[in-house]
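# Observations on chain architecture
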Amino acid sequence: MAPTNSPRHDTIPSQPSFDGVDLDALAARLGTPLYAYSATAIRRRIGELQAALHGLDTTICYAVKANSNRAVLELMAAGGLGADIVSAGELQRALAAGIPAERIVFSGVGKTDSEIDMALEAGIDRFNVESLDELHAIERVAQARQAIACAAVRINPDVDALTHAKISTGRAENKFGVSIAEARRWFAERRQLAHVRLDGLHVHIGSQIMDVEPFRLALHRIAAFWRELVKAGHPIVSIDVGGGLGVRYRTGHDQPVAAADYAQAIREALADFDGRLLLEPGRWLVAEAGVLLTRVLRIKEGTERRFLVLDAAMNDLQRPSLYDAWHDILPVAPGLRPTTTYDVVGPVCETGDTFARERALPECAPGDLLAIQGAGAYGASMSSTYNSRPLAAEVMLDAGRYAVIRRRQTLEEMVAGEKSARDWQAVRPQEQA
Ligand SMILES: Cc1ncc(COP(=O)(O)O)c(C=O)c1O
């Protein structure tokens, strides 16, 4: 038996418009699922962070992975930001959007020789190096092109970021960075590197961090190590403090760290550092500036639950299935309606394709438009075509106007590149190397 919820009339807020654009009309014109980002909100966040860091010598390198759409990157470029990249693809996107190479830093544990080469060719600012093997690879590739690569050691400070395990990166058990003991050895031997200038430190302890304390702890460990290195005769010209600032996904529940408090923690820990500070925020700049618009396909009365089946799914927005992440969900149409609870699900054939369980929402009907909040970061950039669902469209909103910034993928585009297995070829073992 499906539950018989007695109708309540709680006032659930709605979101008829975003950045001055009527969302109902927008969805009617462009279809759903549809990502919509507010340029105004992104610019506001850029300005807020820059104001909080006022007076410090900083470069904010936006973490491209959070939302790598060209139009989003162009907003970062226009705001004077650099980029934190983790692949050749992100390098290409950042450069194409007008982010100067000298404001680009390259992080990630699996940089390939060809990616290192491309980054050197482009003239990026520096590599955030995650292992000794990678350090040697950078030396080798830089030597081959007779270049000098600037590098920072990514320190794993063994700090608990108090966030979801899958986005925690600064514990000793995580794959990221190296211990201070190992970094000490790298610096002791740095003069053996003829093509790498090892003169920076980097730390990034995780994402969606909601407490300033883990930042403080990591920053103090980095600061102590920087002082030790300088005393030992190793100049440090930059300290990259990573990203990780959390955002409000759940109204009335999440209490993000204020940008000013975060900046204050940086100031306190690194007050006497006279080099350049790099920051790599991703989520904080874009998450709350995005919604995923989706329509109700149907209501399914299960034996134990009432399911609200949407036309968006885990392939469009993975965070709930990947991290059990909460996203507020608002109806677009205003007005008082009885509320009920639904399990909000997508059409993908996985039980994990669930946006919310037992979520209080106004009673919905097929065709109703909903806005999934906080979808500007790690939404479109993590999407896939799983279940052969074409990639959703993306649109930028700006003070009453909109521009399509990625058109909806067609079925033909989705399968382009696939072929029947007709053109069989042989490969001999010696060719495989
Ligand atoms: C090295 C590095 N820097 C910055 C970021 C951005 O983190 P956030 O989006 O939480 O600010 C990440 C995220 O994974 C990262 O791995």
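Residues numbered from 1 in each chain as written. Predicted model: local features only at pLDDT ≥ 70, side-chain atom pairs only at ≥ 80, totals over all residues.

### Looking at the overall build of the protein chain
- Summing up its helical and strand segments, the protein chain has 12 helices and 19 strands in all.
- Taking the principal axes of its C-alpha atoms as reference, the protein chain extends roughly 70 × 60 × 40 Å.
- Buried residues in the protein chain amount to 45% of all 433 residues.
- In the protein chain, the share of contacts with a sequence separation of at least 24, taken over all contacts with a separation of at least 6, comes to 71%. (Helix = DSSP H or I, 4+ residues; strand = E, 2+ residues; numbered from the N terminus. Buried ≥ 20, exposed ≤ 12 C-beta atoms within 10 Å, placed from the backbone. Contact = placed C-beta atoms within 7 Å.)

### Quick word on the site of the ligand
- Close contacts around the ligand come from 15 residues, with Ala 63, Ser 207, Gly 243, Gly 282 and Arg 283 the closest.
- Partitioning the shell around the ligand into residue classes produces 5 nonpolar, 7 polar and 3 charged. (Near = placed C-beta within 6 Å. Nonpolar A, V, L, I, M, F, W, Y, C, P; charged D, E, K, R; others polar.)

### Here's the deal with the packing of helix H5 (residues 113–122) against helix H6 (residues 132–144)
- Between H5 and H6, the least distance of the axes is 9 Å, while the angle of their chain directions is 55°. The angle between the axes of H5 and H6 places the two elements in the oblique class. Judged by the sense of rotation from one axis to the other, the crossing of H5 with H6 is right-handed. Residue-level inspection shows Asp 113, Ile 116, Asp 117 and Leu 120 of H5 in contact with H6, the latter providing Ala 137, Ile 138, Val 141 and Ala 142.
- Residue composition of the contact of H5 with H6, by class: 6 nonpolar, no polar and 2 charged. (Axes fitted to C-alpha atoms, helices over the stretch in contact; angles between N-to-C directions. Parallel < 35°, antiparallel > 145°, perpendicular 65-115°, else oblique. Left-handed = near helix turned anticlockwise from the far one by under 90°.)

### Brief notes about the sheet that holds strand E11 (residues 276–279)
- As summarised here, the arrangement of the 8 strands in space is E4-E5-E6-E7-E8-E9-E10-E11, forming a closed barrel in which the pairing is parallel. The mean inter-strand angle of the sheet, taken between neighbouring strand axes irrespective of direction, is 30°.
- For strand E4 (residues 58–63) and E11, the ladder comprises 3 bridges, and the chain directions are parallel. Counted as the bridge partner of Thr 59 is Leu 278 from E11. (Pairing = 2+ DSSP bridges.)

### A word on the pairing of strand E17 (residues 369–372)
- Residue alternation in E17 divides its side chains into two sets, Leu 369 and Ala 371 and Leu 370 and Ile 372, and both sets are buried.
- Looking at chain direction, strand E14 (residues 329–331) and E17 are connected through 3 bridges and run antiparallel. Its bridge partner lying in E17, Ile 329 is registered against Ile 372.

### Observations regarding the nonpolar core
- Among the nonpolar cores identified, the biggest contains 122 residues, and Ala 36, Ile 42, Ile 138, Leu 201 and Ile 372 are the most heavily contacted of them.
- For this core, the element with the most residues is helix H8 (residues 212–231), which contributes 7 residues.
- In this structure, this core is formed jointly by two domains, domain 1 (17–37 + 288–415) and domain 2 (108–279), each of which donates at least three residues.
- Beyond its immediate stretch of four places on either side in the chain, Ile 372 contacts Val 291, Leu 292, Thr 294, Ala 312, Leu 317, His 327, Ile 329 and Phe 355. (Core = buried A, V, L, I, M, F, W, Y, C linked by C-beta atoms within 7 Å. Domains from an automatic or database assignment.)

### What to know about unusual backbone geometry
- For the bond from Thr 32 to Pro 33, the omega torsion is -5°, close enough to zero to count as cis.
- Along the chain, Pro 33 turns up in the loop between helix H1 (23–30) and strand E3 (34–38).
- Even without a glycine there, the phi angle at Tyr 378 is positive, about 55°.
- By the element assignment, Tyr 378 lies in the loop between E17 and strand E18 (393–398).
- Phi is positive for Ser 388, close to 55°, though the residue is something other than glycine.

### Focus on H6
- Taking 1.5 Å of rise per residue, 13 residues should cover 18 Å, and H6 covers 18 Å from first to last C-alpha, within 8% of that figure.
- Restricting attention to buried positions, one finds in H6 the residues Glu 134, Leu 135, Ile 138, Val 141 and Ala 142. The arc that holds the buried residues of H6, viewed along the axis, is 135°, so those residues lie on one side. The exposed set on the far side of H6, more than 90 degrees from its buried face, consists of Asp 133 and Ala 144.
- Elements in contact with the buried residues of H6: H5, strand E7 (126–129), strand E8 (149–154), helix H7 (180–188) and strand E9 (196–202).
- Gln 146 sits one or two positions beyond H6 and adopts a positive phi of about 50°. (Expected span 1.5 Å × (residues − 1). Arc of directions from axis to C-beta.)

### Regarding the packing of H8 against helix H9 (residues 259–269)
- Where H8 meets H9, the closest approach of the two axes is 9 Å, and the angle between their N-to-C directions is 20°. When the axes of H8 and H9 are compared, the pair comes out roughly parallel. As H8 packs across H9, the resulting crossing turns out to be right-handed. On the side of H8, the interface is formed by Val 212, Phe 215, Arg 216, Leu 219, His 220 and Ala 223, while H9 contributes Asp 261, Tyr 262, Ala 265, Ile 266 and Ala 269.
- Residues belonging to the contact of H8 with H9 are distributed by class as follows: 8 nonpolar, 1 polar and 2 charged.

### Brief notes about the domain arrangement of the protein chain
- In terms of domains, the protein chain is made up of domain 1 (17–37 + 288–415) and domain 2 (108–279).
- Here the C-alpha centre of domain 2 lies 35 Å away from the C-alpha centre of domain 1.
- The interface is formed by 8 residues belonging to domain 1 together with 8 residues belonging to domain 2.
- The residue makeup of the side of domain 1 that touches domain 2, split by class, is 4 nonpolar, 2 polar and 2 charged.

### Comments concerning the pairing of strand E15 (residues 339–345)
- Taken together, the 3 bridges between strand E13 (residues 306–310) and E15 define a ladder with parallel strand orientation. Across the sheet, Leu 308 pairs through a bridge with Val 344, a residue of E15.

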